[in-house]
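A look at the structure
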Amino acid sequence: RMIRVATEDDIPRMLELGRQLHDESRFSVYPLNEQRTIDFFKMVINGGSTCAFVSIQKGEIVGGFMGGVSDHWSCDLITAFDYSLFIDKAHRNGTTAIKLIVAFETWAEEMNADEMTIGITTGVNTEGTTRLYESLGYKQVGPMFTRRIF
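Residues numbered from 1 in each chain as written. Predicted model: local features only at pLDDT ≥ 70, side-chain atom pairs only at ≥ 80, totals over all residues. Heavy atoms only, no water.

Helix and strand counts for the protein chain stand at four helices and five strands. Counting from the amino terminus, helix and strand elements in the protein chain follow one another as β-α-α-β-β-β-α-β-α. Taking 15 Å as the expected radius of gyration for a compact globule of 150 residues, we find that the protein chain reaches 15 Å, a close match to that expectation. Within the protein chain, the fraction of its 150 residues that count as buried is 39%. Contacts in the protein chain between residues at least 24 apart in sequence constitute 61% of all its contacts with a sequence separation of at least 6. Split by element, the accessible area of the protein chain, about 9,200 Å² in all, is 52% carbon and sulfur. Positive and negative side-chain charges in the protein chain, numbering 15 and 20 respectively, have mean positions lying 8 Å apart. (Helix = DSSP H or I, 4+ residues; strand = E, 2+ residues; numbered from the N terminus. Rg over C-alpha atoms; globule rule 2.2 N^0.38 Å. Buried < 20%, exposed > 50% of the residue type's maximum accessible area, 1.4 Å probe, protein only. Contact = heavy atoms within 4.5 Å. Areas by Shrake-Rupley, 256 points an atom, 1.4 Å probe, with all protein chains shown as cover. Lys, Arg positive; Asp, Glu negative; His and termini not counted. Charge placed at Lys NZ, Arg CZ, Asp CG, Glu CD.)

Encoded structure:
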C-alpha cells in the first residue's frame, strides 16, 4: 500500500468512498450533497492549513484521510485535527488506517502542530476505532454528544 497526497483527480473515487461512509454512518439520515462534498474535497486538497491523503492498493484508492491545523482559541497552541478517515469496507482491519494516520501525523509535525486531535463522529465501529487510536498513543479526553434539532 502506498500513501500519497490527494489531488483533484482523486475526487471521483474519494466521493465514492465518502458516499460509502455516509451511507453507513449516523449521517445517513441526512441527504448527501455531492456538490458540497466535492467543493469540500477541493478546499482540503488545495488549502494551506489542510491536508488530504489517499491510500493506493493495486492502482486503486482504498482509503483516505483529511485533516487540518488551527490555532487554539484560548492559548498558544496549534492543534491538528481530522475531518475524516474513510476506508473501503473491503480494506478495513488492515494497516491502511495506521498508514494514513502516520501520514497525517508527519504532516502535522511539519505544520508545527503542538498536538493532534482525532475523533469518531460517524458511529461506525467506535470500539474498534477507539482501540486503534489508543494503540497509536492517542488518549481519550471525553465523549462527544449529538442531538437532532428537527
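A separate point is the pairing of strand 2 (residues 50-57). Among the eight residues in strand 2, seven count as buried, and that is most of the element. Judged from the four bridges that link them, strand 1 (residues 2-5) and strand 2 form a sheet pairing that is antiparallel. Its bridge partner being in strand 2, I3 is matched across the sheet by S55. Pairing between strand 2 and strand 3 (residues 60-71): eight bridges, direction antiparallel. In the strand pairing of strand 3, C51 is matched with G67. (Pairing = 2+ DSSP bridges.)

Another point: the packing of helix 1 (residues 11-24) against helix 2 (residues 34-46). The N-to-C vectors of helix 1 and helix 2 enclose an angle of 120°; their axes lie 10 Å apart at closest approach. When the axis of helix 1 is compared with that of helix 2, the two are oblique. When you trace helix 1 past helix 2, the crossing you get is right-handed. Of helix 2, the residues touching helix 1 (which contributes I11, M14, L15 and R19) are E34, T37, I38, F41, K42 and I45. Taken together, the residues of the contact of helix 1 with helix 2 break down into six nonpolar, one polar and three charged. (Axes fitted to C-alpha atoms, helices over the stretch in contact; angles between N-to-C directions. Parallel < 35°, antiparallel > 145°, perpendicular 65-115°, else oblique. Left-handed = near helix turned anticlockwise from the far one by under 90°. Nonpolar A, V, L, I, M, F, W, Y, C, P; charged D, E, K, R; others polar.)

As a further point, take helix 1. Here helix 1 contains 14 residues, and its C-alpha end-to-end distance of 20 Å stays within 8% of the 20 Å for a straight helix at 1.5 Å per residue. I11, R13, M14, L15, L17, G18, L21 and H22 are the residues of helix 1 that are buried. The inward-facing, buried residues of helix 1 abut helix 2, strand 2, strand 3 and strand 4 (78-87). (Expected span 1.5 Å × (residues − 1).)

A few words now on the environment of T122. Among the structural elements, T122 can be located in the loop between strand 5 (115-117) and helix 4 (126-135). For the pair T122 and H22, spaced 100 residues apart in sequence, the C-alpha to C-alpha distance is 8.0 Å. The contacts of T122, once residues within four sequence positions are left out, are L21, S25, R26 and F27. Polar contacts involving the side chain of T122 include one to the main-chain amide nitrogen of V124, which spans 3.2 Å. (Polar contact = N/O pair within 3.5 Å; in protein donor to acceptor, adjacent residues only side chain to side chain.)

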